[in-house]
Amino acid sequence: MKMVAPWTRFYSNSCCLCCHVRTGTILLGVWYLITNAVVLLILLSALADPDQYHFSTSELGGDLEFMDDANMYIAIAVSLLMILICAMATYGAYKQHAAWIIPFFCYQIFDFALNALVAVTVLVYPNSIQEYIRQLPPNFPYRDDIMSVNPTCLVLIILLFISIILTFKGYLISCVWNCYRYINGRNSSDVLVYVTSNDTTVLLPPYDDATVTGAAKEPPPPYVSA
């Protein structure tokens, strides 16, 4: 005989490296948090020293700035928002607050949709890859080598690479979703399932209801000696 909670019967609670989905979500949130913090530091350093990200004509074939101030401020705002979302997901998974995980899950869906859109664009417009490579600076690393590759093979390689990324991102989405369902079910469900040896399932009432029902019964009559 064993006690089985209903939220563990329809999906897996384990993820990569056989750890719990709650632990996996915490690690994923911390990883995204560190990554976005590093990006924020790079953006702030670029804003403090604009000459560091200014490339000359000999480097890019034209007098071009890597990012102007408006785009820099937008990127900093996006990085701050991502840090907030990742911190909320990490805190929600650690403290078992399911609602705090929803923004991070929505970001994952949005990111997956963007990558899928890139894959569809490459599949529908395969010549766009060659045109994009031609627009790169002449001294861009491996530009000539990439241009020499057969266009069909290049499209297949890019599609294979994007497919691997989409598969990995889909797996991470499923881990976060399972963590949300686990926490949400654990916090909202008060009924346990009692599974017997003959596969008979019995729903046990909540403890509070059983206590109230038992207290409502009338006590037995007092004992009277003969």
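Scroll up to find the structure.
First things first, this report covers the structure right here in the doc. Position numbers for residues start from 1 in each chain and track the written sequence from start to end. Whole-chain, interface and lining totals are the exception, using all residues; otherwise, since this is a predicted model, local features are given only for residues with pLDDT of at least 70 and side-chain atom pairs are given and counted only at 80 or more. Calculated side-chain values reflect all of the structure's heavy atoms, with hydrogen atoms and water omitted.

1. Here we look at the environment of Gly92
Right, so step 1: Numbering of helices and strands starts at the N terminus; helices are DSSP runs of H or I of at least 4 residues and strands are runs of E of at least 2. Following the sequence through the fold, Gly92 ends up in helix 3 (residues 69–95).
Right, so step 2: With 91 residues separating them along the chain, Gly92 and Ile183 place their C-alpha atoms 9.2 Å apart.
Right, so step 3: Discounting chain neighbours no more than four positions away, the residues touching Gly92 are His97, Trp100, Ile101 and Ile183. Any two residues whose heavy atoms approach within 4.5 Å at even a single point are treated as in contact.

2. Observations regarding the packing of aromatic side chains
Right, so step 1: Here the aromatic set is Phe, Tyr and Trp, taking the six-membered ring for Trp, and pairing holds for ring centres within 6.5 Å; pairs whose planes are under 30 degrees apart are stacked, those over 60 apart are edge-to-face, and all others are tilted. Inspection of every chain in the model, using the stated rule, returns six aromatic pairs.
Right, so step 2: Centre to centre, the rings of Trp177 and Tyr180 are 5.4 Å apart; their planes meet at 20°, and the pair counts as stacked. Highlighted residues: Trp177 and Tyr180, both in helix 7 (residues 151–188), separated by three residues, approximately one helical turn.
Right, so step 3: Owing to a relative accessible area of 37%, Trp177 belongs among the partly exposed residues under this scheme.
Right, so step 4: Following the ring pairs from residue to residue traces out a cluster consisting of Tyr32, Phe104 and Tyr107. Whether a residue is buried, partly exposed or exposed follows from its accessible area with a 1.4 Å probe, protein chains only, as a fraction of its type maximum: under 20%, in between, or over 50%, in that order.

3. Focus: the nonpolar core
Right, so step 1: Core analysis: the largest hydrophobic core is formed by 19 residues, its most contacted members being Leu28, Ile101, Phe104, Val176, Cys179 and Ile183.
Right, so step 2: Counting only elements with at least two residues in this core, the list comes to helix 1 (21–48), helix 3, helix 4 (102–124) and helix 7.
Right, so step 3: The greatest single-element share of this core, amounting to six residues, is contributed by helix 7.
Right, so step 4: The residues contacting Cys179, other than those within four sequence positions of it, are Val21, Arg22, Thr25, Ala93 and Ile101.
Right, so step 5: What we call a nonpolar core is a set of buried Ala, Val, Leu, Ile, Met, Phe, Trp, Tyr and Cys residues that are connected through their side-chain atoms within 4.5 Å. Core analysis: the next-biggest nonpolar cluster, separate from the first, contains seven residues, Val122, Leu136, Leu154 and Val155 among them.

All we've got here are geometric facts, nothing functional implied.
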